[in-house]
Amino acid sequence: MTDVTGAPVDVLHTLFHSDQGGHEQVVLCQDRASGLKAVIALHSTALGPALGGTRFYPYDSEADAVADALNLARGMSYKNALAGLDHGGGKAVIIGDPEQIKSEELLLAYGRFVASLGGRYVTACDVGTYVADMDVVARECRWTTGRSPENGGAGDSSVLTAFGVFQGMRASAQHLWGDPSLRGRKVGVAGVGKVGRHLVEHLLSDGAEVVITDVREESLRRITELHPEVAVAADTDALIRTEGLDVYAPCALGGALNDATVPVLTAKVVCGAANNQLAHPGVEKDLADRSVLYAPDYVVNAGGVIQVADELHGFDFDRCKAKATKIFDTTLEIFARAKADGIPPAAAADRLAEQRMAEARTR
């Protein structure tokens, strides 16, 4: 059943009635000439203009695209709040295979839709979009970050995203083992694309033993040719079952932690770059029940959004790196609050983020 817009009723129920809803605005965008179909979701502007990337992905259905935009936008509100940014949360998804339909005309049309929001939403790169794409979008929309340095931007944000995840991983090691070093620890990285490959470099520099997997053979080959000592697992299922694994780092798409994967995890820490790693509410408790320390994804992967937010004010890499370094302290604070309150770290992180947003609304 659909409503008058054609959107499934269950999506509208999520938006207006469920705990996963509460979004301020959802915009459905279409430009038939270019083939653009997109969803822009603004979860909160309590702390400032909503900031979040644009995902370009071949969803199975429009309903899946809307649901993903809603979930991702909500996550950005929490991420930006705990990163100490004066931004709310938003996210956009473009429906379709970027390898097949991405074009200059489509990106320009998308830029016009973002511009029509008058600055309530600031966009950036995400899965399926790149710096060159943001340069095109920016021709129609001033509220575009993740642009190339040649076009007034900061370039690829995956460098600082990986750095922030590494800080979260160091904090996890400090909390669990009393030492922030990953030296001698076996770390499994699932997804070694834009962010994962930089994370591998940090881990190797710190003396970790690294195991990787990726659906793209070329991504694996790029790392193993540089670092023959890095082991390769056949797939994610094999990786999470690796004997002696200390840390699991999901760095691909969301939903990596679910009813099938959590019971077979061999790692004692989960800390990765992927968004929305918990497949559904309750997974965080399942992890805690198995004594697996979960570093909330939107806390540790905030390095990228720290970078793009800084771009709006004149990018300074050292300033951004200093802010991303604080992810270590924020992660430790969340672990401490979780222990004090007797709740999983994901719940503790949510409470801290909600507290900051609530305080902003009362000003």
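For the structure, see preceding data.
Please read these numbers as outputs of a predicted model, since none were measured by experiment.

### Considering the overall build of the chain
Phase 1 of the analysis: Within the chain, the secondary structure is distributed over 15 helices and 12 strands.
Phase 2 of the analysis: Computed over C-alpha atoms, the radius of gyration of the chain comes to 20 Å, within 12% of the 21 Å expected from 2.2 N^0.38 for 363 residues, which places it in the range of a compact globule.
Phase 3 of the analysis: With respect to the principal axes defined by its C-alpha atoms, the chain has extents near 55 × 45 × 45 Å.
Phase 4 of the analysis: Looking at the chain residue by residue over its 363 residues, the buried ones come to 54%.
Phase 5 of the analysis: Sequence separation of 24 or more characterises 64% of the internal contacts of the chain that already satisfy a separation of 6 or more.

### Comments concerning helix 8 (residues 217-226)
Phase 1 of the analysis: For helix 8, the complete set of buried residues consists of Ser219, Leu220 and Ile223. Taken end-on, helix 8 shows its buried residues confined to a sector of 95 degrees, consistent with a single buried face. More than 90 degrees from the buried face of helix 8, the exposed residues found are Glu217 and Glu225.
Phase 2 of the analysis: On its buried face, helix 8 is in contact with helix 7 (196-205), strand 8 (209-213) and strand 9 (231-232).

### Quick look at the environment of aspartate 206
Phase 1 of the analysis: With respect to the helices and strands, the residue aspartate 206 is situated in the loop between helix 7 and strand 8.
Phase 2 of the analysis: For aspartate 206, a relative accessible area of 18% gives the class buried.
Phase 3 of the analysis: Here the alpha-carbon distance between aspartate 206 and alanine 336, two residues 130 residues apart in the chain, equals 25 Å.
Phase 4 of the analysis: Leaving out residues up to four positions away in the same chain, aspartate 206 has contacts with Phe166, Pro180, Ser181, Leu182 and Arg183.

### Points about the packing of aromatic side chains
Phase 1 of the analysis: The tally for this structure, following the rule as stated, stands at three aromatic pairs.
Phase 2 of the analysis: Both rings, one in tyrosine 78 and one in tyrosine 298, keep their centres 5.7 Å apart while their planes meet at 70 degrees; by these two values the pair is edge-to-face. Highlighted residues: tyrosine 78 in helix 2 (residues 62-82) and tyrosine 298 in helix 11 (residues 297-300), separated in sequence by 220 residues.
Phase 3 of the analysis: Looking at tyrosine 298, the relative accessible area reads 10%, which means it is buried.
Phase 4 of the analysis: Geometrically, the ring pair formed by phenylalanine 315 and phenylalanine 317 is edge-to-face, given 6.4 Å between the ring centres and 75 degrees between the ring planes.
Phase 5 of the analysis: A residue is classified by how much of its surface remains accessible, and phenylalanine 315, at 29% relative accessible area, is partly exposed.
Phase 6 of the analysis: Stacked on the ring of tryptophan 177, the Lys or Arg arginine 185 has its end atom at 3.9 Å from the ring centre.
Phase 7 of the analysis: Sitting above the plane of the phenylalanine 163 ring, lysine 321 keeps its charged end 5.0 Å from the centroid.

Criteria and cut-off values
- Residues numbered from 1 in each chain as written.
- Predicted model: local features only at pLDDT ≥ 70, side-chain atom pairs only at ≥ 80, totals over all residues.
- Heavy atoms only, no water.
- Helix = DSSP H or I, 4+ residues; strand = E, 2+ residues; numbered from the N terminus.
- Rg over C-alpha atoms; globule rule 2.2 N^0.38 Å.
- Buried < 20%, exposed > 50% of the residue type's maximum accessible area, 1.4 Å probe, protein only.
- Contact = heavy atoms within 4.5 Å.
- Arc of directions from axis to C-beta.
- Phe/Tyr/Trp six-rings, centres within 6.5 Å; stacked < 30°, edge-to-face > 60°.
- Lys NZ or Arg CZ within 6 Å of the ring centre and 35° of its normal.

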